[in-house]
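Spelled out, the chains give:
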Amino acid sequence: MTENLNPFAIAQAQLDGAAEVLQLDPDMHAFLRQPMREFHFTIPVKMNDGHTEIFQGFRVQYNDARGPAKGGIRFHPRETIDTVRALAAWMTWKTAVSDIPLGGGKGGVICNPREMQPDELERLSRGYMRALSRYVGLTKDSPAPDVYTNPQIMAWMLDEYEILTGHHEPGVITGKPLPLGGSAGRGPATAMGGMFTIREAARLRGLNLAGATCAIQGYGNVGGFAHRLAHDLFGLKVVAVSDEFGGIYNEHGLNPDDVVKHVQQTGKVIDCPGTEKITNHELLELDVDILIPAAIENQLTGQNADRVKAKIVAELANGPTTPEADRILDDKGIYTIPDFLCNAGGVIVSYFEMVQNAYQFYWDESMVNDRLDKKITTAFLAVHDMAQAKKVGTRVAAYLVAVNRVAEAVRLRGWV
Ligand code: NAD
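Thresholds, definitions, all that
- Residues numbered from 1 in each chain as written.
- Predicted model: local features only at pLDDT ≥ 70, side-chain atom pairs only at ≥ 80, totals over all residues.
- Heavy atoms only, no water.
- Helix = DSSP H or I, 4+ residues; strand = E, 2+ residues; numbered from the N terminus.
- Rg over C-alpha atoms; globule rule 2.2 N^0.38 Å.
- Buried < 20%, exposed > 50% of the residue type's maximum accessible area, 1.4 Å probe, protein only.
- Contact = heavy atoms within 4.5 Å.
- Areas by Shrake-Rupley, 256 points an atom, 1.4 Å probe, with all protein chains shown as cover.
- Expected span 1.5 Å × (residues − 1).
- Core = buried A, V, L, I, M, F, W, Y, C linked by side-chain atoms within 4.5 Å.
- Domains from an automatic or database assignment.
- Pairing = 2+ DSSP bridges.
- Axes fitted to C-alpha atoms, helices over the stretch in contact; angles between N-to-C directions.
- Near = heavy atom within 4 Å.
- Polar contact = N/O pair within 3.5 Å; in protein donor to acceptor, adjacent residues only side chain to side chain.
- Disulfide = S-S within 2.5 Å.
- Buried area = accessible area lost by both parts, 1.4 Å probe.
- Salt bridge = Lys/Arg side-chain N within 4 Å of Asp/Glu carboxyl O.

Further remarks concern the overall build of the chain. Looking only at helices and strands, the chain features 14 helices and twelve strands. Taken against the 2.2 N^0.38 rule, which gives 22 Å for 416 residues, the C-alpha radius of gyration of the chain at 20 Å falls within 12% of a compact globule. With the principal axes as the frame, the chain shows a C-alpha extent of 55 × 55 × 50 Å. For the chain, the proportion of its 416 residues judged to be buried stands at 59%. The contacts of the chain with a sequence gap of at least 6 include a subset with a gap of at least 24, amounting to 69%. Total accessible area computed for the chain in this model is approximately 17100 Å², and 51% of it derives from carbon and sulfur atoms.

What follows is the structure, encoded as structure tokens:
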């Protein structure tokens, strides 16, 4: 039988597994299997060649029992509603496992930002917010950047929202530029949080990080910062990195300054001086201590998981591992730091951004990082303890912690 790679089917299958272990009430299970609310809308945008392009936009508010929905917006040519649903479900579990008072949401637009001019992108971003302005807000739903969206896009969306509502409300969106109320440390936050979880996993496995080897798939916001931080914080030897165009390898380690400089000049990691070419497939199967998928979904599947040699897989990307691959990695004794725990640093610092916006009082980067460390390390240990107590893998354990918390809030509200 071929594997079902539909991300929402995978998210539901993961929940089903946790529901079974938890012996979750069937009505609660049925409720948590579906998004509470979805918005599908068109965004007409005047393009520079004179025609009007009709873009398709989505926003899913998966569950807001624990607080306002929270989650990024993706601009991607292959965006689908099922990807957005899955990501919104994972946000629900992510805010719950991190124990921050927010729910889960996600948004997306089917478009290719790389083929658009900056002013076209601005009109699209403003159009997205116009379509949603009544349904988002500090106390309803607060979007953030994700794949192919960035602080500038957040700034346009914030401005459009504030024009429409007639008041300042910076917490309506996070991942903003600093002058508009962004948080210190938000840029590297996802990778930084991932590093704290890697530190804890290495401690449990008795792995000395100084000089240990690492491969990173994806060199965007998350993968790029992961390379820098792995190198600077722990002295990890990052021997391979990649992006959508392919990867590079050097057995002695890749210096982040050299790779970043090359990416700034060429837009790609390949052909960085002093490196060999490697494919994305080869990168995932390298004999390294730590593998960091930091690109897109469904990279470790039933087809390649048995060839993964890493001791720790730190899932900075969302949904990089299919359920079949999960079983294989568990059987091989590989320690997986599951996505919605490993990459929770982004939403934790987004939450800090909302808190700072509400108080109009801003923290420095070291305070942000200290508080992030405390939050994500507490979450990591709660998941680890649950895995030990229930004798389950780390992903199931993370679901058990998160689903328990969301179900409790749903029950207390009397929804189910
Ligand atoms: P990004 O757009 O900045 O970078 C994505 C990177 O992945 C790019 O280097 C791109 O070339 C690469 N890529 C795309 N398709 C690929 C493929 N088929 N093979 C190999 N590489 C490919 O995005 P990002 O913000 O760095 O997000 C990366 C992952 O982390 C996503 O799964 C995202 O959902 C997740 N994530 C991001 C954040 C955040 O704060 N940005 C938070 C949590 C999770």
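Here we come to helix α6 (residues 189-205). An α-helical turn contains 3.6 residues, so a residue and the one three or four places further along point in the same direction. Between the first and last C-alpha of α6 there are 24 Å, a value that for 17 residues agrees with the 24 Å anticipated at 1.5 Å per step. Positive phi appears at G206, one or two residues downstream of α6, with a value of about 65 degrees.

Core analysis: the biggest nonpolar cluster contains 86 residues, and L32, W90, W93, V241, I290, I292 and I337 have the highest contact counts within it. The element contributing the most residues to this core is helix α14 (residues 394-413), with eleven residues. Domain assignment of the residues forming this core places at least three in each of domain 1 (37-179) and domain 2 (189-342). If sequence neighbours within four positions are ignored, I337 has contacts with T197, I198, A201, I312, V313, A314, E315, C342 and F380. Listed in part, the 25 residues of the second largest apolar core include V45, M129, V136 and M157.

Moving on: the sheet that holds strand β8 (residues 246-249). On the basis of which strands lie adjacent, the open sheet formed by seven strands has the order β9-β8-β7-β6-β10-β11-β12 and mixed pairing. Strands with a single pairing partner mark the edges of an open sheet, and in this sheet they are β9 (276-278) and β12 (335-337). The sheet shows a mean angle of 20 degrees between the axes of neighbouring strands, direction not considered. Bridge count for β8 against β9 is three bridges, and the pairing is antiparallel. Paired with I248 across the bridge in β9 is K277. Of the strands in this sheet, β10 (290-293), β11 (312-314) and β12 touch α6, which is tilted by about 160 degrees from β12.

So, on to the site of the ligand. In the neighbourhood of the ligand, 23 residues make up the surrounding shell, with R74, T190, N221, E244 and N318 lying closest. In this structure, an oxygen atom belonging to the ligand sits 3.5 Å away from a main-chain N or O atom of L316. In isolation the ligand offers 820 Å² of accessible surface; the protein chains occlude 88% of this area. Mapped onto the domain boundaries, the shell around the ligand takes at least three residues apiece from domain 1 (37-179) and domain 2 (189-342).

Moving on to the sheet that holds strand β5 (residues 141-145). An order of β1-β2-β4-β3-β5 is seen for the five strands of this open sheet, with the pairing classed as mixed. Either end of the sheet is taken by a strand with one partner, and the two such strands are β1 (37-46) and β5. Across the sheet, the mean angle from the axis of one strand to that of its neighbour is 25 degrees, orientation sign disregarded. In the packing of helix α3 (residues 81-97) onto the sheet, the strands contacted are β1, β2 (52-63), β3 (69-76) and β4 (104-110), and the crossing angle to β4 comes to about 155 degrees.

What follows deals with the state of the cysteines. Between two cysteines, a covalent bond joining their sulfur atoms is known as a disulfide. Using the criterion set out here, one finds zero disulfides in the structure. The thiol sulfur of C214 is not disulfide-bonded, and the nearest other cysteine sulfur, from C342, lies at 11 Å. Residue classification places C214 among the buried positions, given a relative accessible area of 0%. For C272, which is in no disulfide, the shortest distance to another cysteine sulfur is to C214 and amounts to 16 Å.

The next thing to look at is the domain arrangement of the chain. Here the chain is described as being made up of domain 1 (37-179) and domain 2 (189-342). Here the C-alpha centre of domain 2 lies 28 Å away from the C-alpha centre of domain 1. Listed per partner, the contact involves eleven residues of domain 1 and eight residues of domain 2. Counting each side, the surface lost to burial between domain 1 and domain 2 is near 820 Å², with a carbon and sulfur contribution of 55%. Taken together, the links from domain 1 to domain 2 amount to two salt bridges. At the junction of domain 1 with domain 2, the criterion picks out three residue pairs in polar contact (both at pLDDT 80 or more).

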